[in-house]
2 protein chains.
Amino acid sequence: MQTKILNFLKKTDEYVSGEEISNSLKISRQALWKHIESLREDGYDILAVPHLGYKLVSSPDRLFASEIKSGLGTKIIGKHIYYFDSLDSTMDTAMQLGIKSAHEGTIVLAEAQSKGRGRMGRDWVSPKYKGIYLSLILRPQIPPSQLPILTLLTAVSICEALESVCSLEAKIKWPNDIFINNKKLGGILTELNAEMDEVRFVVIGIGLNINNDKKSLLPGANSVLLEKGEAFDRIRILQQILKRIEENYLLLKSRGPDFIVKGWRQRNITLGRRVKISSHKEHIEGEAIDIDSDGALLLRKDSGITQRVTAGDVTHCR
Amino acid sequence: MQTKILNFLKKTDEYVSGEEISNSLKISRQALWKHIESLREDGYDILAVPHLGYKLVSSPDRLFASEIKSGLGTKIIGKHIYYFDSLDSTMDTAMQLGIKSAHEGTIVLAEAQSKGRGRMGRDWVSPKYKGIYLSLILRPQIPPSQLPILTLLTAVSICEALESVCSLEAKIKWPNDIFINNKKLGGILTELNAEMDEVRFVVIGIGLNINNDKKSLLPGANSVLLEKGEAFDRIRILQQILKRIEENYLLLKSRGPDFIVKGWRQRNITLGRRVKISSHKEHIEGEAIDIDSDGALLLRKDSGITQRVTAGDVTHCR
């Protein structure tokens, strides 16, 4: 109901009479007033003037499910949204929802995370109301070995969204870090729940620095605010990310992975460079020559041998 | 405390004085009485005779954590036990515990499951107090591709336990069904939670028909009761399974997988036979010639080509 009331108020810059809203939504004037009060508590600045009605002055800088859904227009991604003011980790909550049969496309959003996770068990710093911290549940019918394409797809989708909403040239460092001007803006973490050869569901975690000022960023990290000099509407960025993921995900199903790999190659800053790769198992060095259609990095070592690398940390050598 | 009281009573067939117990455990006679009452509510038949004391006449047929732990002697497997009278599925509960950082070796037991799962999304019928329905959390440091060895290990461990406790000759149908006299006694389901190339944890589900009479079994299924003509102590069987899994798991870490594959081959009823294999993807037929050290079945098709099969349903052809 509150979403419907907001949609009414957002249609115009003028006052809307309480009578018009309550008649149209078939609720009493008293019920309408209670909803308006509740919206105000959520941070919506709504003017109420006798004989004129209600007017929305400003919306809070919050990733409320109702705000995300309004005008989103997707069929799968973001149809079910769980929003939290704070969570330990959106990954854990999404994993639990996945086990409880949550729909494909369900997303878990938190304004802050106390135990945000990055790849390989690292922390992800998630200051409140500054970034986008999101986990997305997908149920692709592909074997676990083909899952890295979903990480590439997400990276490409995020770059496309940052390009179109913020006019930023976003790049990808293998496997899935988002860079702008050689400084890290975000990362992607893909976890899966599977029966041996059959994926039950995948949770794709996205962490992006949006309106972080310098002091809420780790040294060397970037944010949209830092890069553009102004704060951006996180809702618009998030909506565009969800739209791009949906479009690419549906295309992946119909067309196969080639367009994703191509989009990834275009935006990557790793290929053609000399890199060091560290994983739990080994440290190897060589020239990053290409990626496979399954997302593995092909590394030409000094011995001349080409090695496929599926996981690890990349250091770009000078 | 109740475990300690039980241990006191189990030491002897005679009466134990309340004074002796309460002094030794440093609790009041009144507190002792309350614990005895609570044990009786759990189904322990405990006699109380003035001036003589307490005597344990019988224990209930329940897989209480305290009973499982008593005399178990393992270091990892079963150190943490979650026991439920009934659950939707021990797999789901174990998955949720795994996400919440449950220790390696944690087990989830239920006397009944309303939505017990088998492989490939099938149901597993779990009548109350009849079988062993268990999920075990492991945190092995191996890539997802090497996980099938854990399923083989579990199958071998279960066979070893049934052999030693029930003197039953248990066999394995690829990949992980437990058979006795060509009738299915149980199954194993392995699910994983992983970050791309790195397993976070594995949940191994075990479902075994122990004291099922004919009417609590599906047609063609077997149970220990049916096979031996008498009910068996589920606790002893379960303890032995946990002990065997622990011993084999520790050996796997130090010695590698060969002894597991050998033990599996010795007990298998699939190799050397003509089989049909059905999976979501395909149906293939041929002779099952061997398994790999990673648990994949090698199938020689009529064309002469050998195909590796990692998942699917096997039908043994006549």
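Residues numbered from 1 in each chain as written. Chains lettered and ligands numbered in written order. Predicted model: local features only at pLDDT ≥ 70, side-chain atom pairs only at ≥ 80, totals over all residues.

Colleague: Help me understand unusual backbone geometry, please; the structure alone is not making it clear to me.
Modeller: Leave glycine aside and you will find that most residues have negative phi; peptide bonds, for their part, are mostly trans. A cis amide bond links Trp174(A) to the next residue, Pro175(A), at an omega of 0°. When you line up the elements, Pro175(A) lands in the loop between β6 (171-173) and β7 (177-180). Positive phi outside glycine occurs at Asn182(A), with the angle close to 65°. You can call Asn182(A) exposed: it has 11 C-beta atoms within 10 Å. Backbone geometry at Asn181(B) places phi at a positive 50°, although glycine is not the residue there. A tally of 12 C-beta atoms within 10 Å means that Asn181(B) is categorised as exposed. (Helix = DSSP H or I, 4+ residues; strand = E, 2+ residues; numbered from the N terminus. Buried ≥ 20, exposed ≤ 12 C-beta atoms within 10 Å, placed from the backbone.)

Colleague: In this structure, what is going on with the domain arrangement of chain A? I would like to understand it.
Modeller: One frequently used descriptor of interface size is the decrease in accessible area upon assembly of the parts. All names here are of chain A. Domain parsing of chain A yields domain 1 (2-58), domain 2 (65-267) and domain 3 (274-316). Counting from both sides, the interface comprises 14 residues of domain 2 and, opposite them, eight residues of domain 3. Listed by contribution, the elements that provide at least two residues to the side of domain 2 that touches domain 3 are α6 (148-166) and α9 (258-267). Class assignment for the residues of the side of domain 2 that touches domain 3 results in eight nonpolar, three polar and three charged. (Domains from an automatic or database assignment. Contact = placed C-beta atoms within 7 Å. Nonpolar A, V, L, I, M, F, W, Y, C, P; charged D, E, K, R; others polar.)

Colleague: Just to check I follow, could you spell out the relation of the copies chain A and chain B for this structure?
Modeller: The transform that puts chain A on chain B rotates by 180° and translates by 0.1 Å along the axis, for an RMSD of 0.1 Å. The superposition operator between the copies reduces to a two-fold rotation axis. Within chain A, the C-alpha atom positioned nearest to the axis of rotation is that of Asn193(A), 2.3 Å from it. (Least-squares fit on C-alpha atoms with pLDDT ≥ 70 in both.)

Colleague: Teacher, can you tell me more about the packing of α6(A) against helix α8 (residues 234-255) of chain A here?
Modeller: Relative orientation and spacing of two packed helices are given, respectively, by the angle between their axes and the distance between those axes. Residues and elements named next belong to chain A. It is at 8 Å that the axes of α6 and α8 come closest, and there the two elements cross at 135°. As the angle between them shows, α6 and α8 are arranged oblique. Judged by the twist between their axes, the crossing of α6 over α8 is right-handed. Every residue of α8 that contacts α6 at Ile149, Leu153, Thr154, Val156, Ser157, Ile158, Glu160, Ala161, Ser164, Val165 and Cys166 is listed here: Arg236, Ile237, Gln240, Ile241, Arg244, Ile245, Asn248, Tyr249 and Leu252. Its residues assigned to classes, the contact of α6 with α8 shows twelve nonpolar, five polar and three charged. (Axes fitted to C-alpha atoms, helices over the stretch in contact; angles between N-to-C directions. Parallel < 35°, antiparallel > 145°, perpendicular 65-115°, else oblique. Left-handed = near helix turned anticlockwise from the far one by under 90°.)

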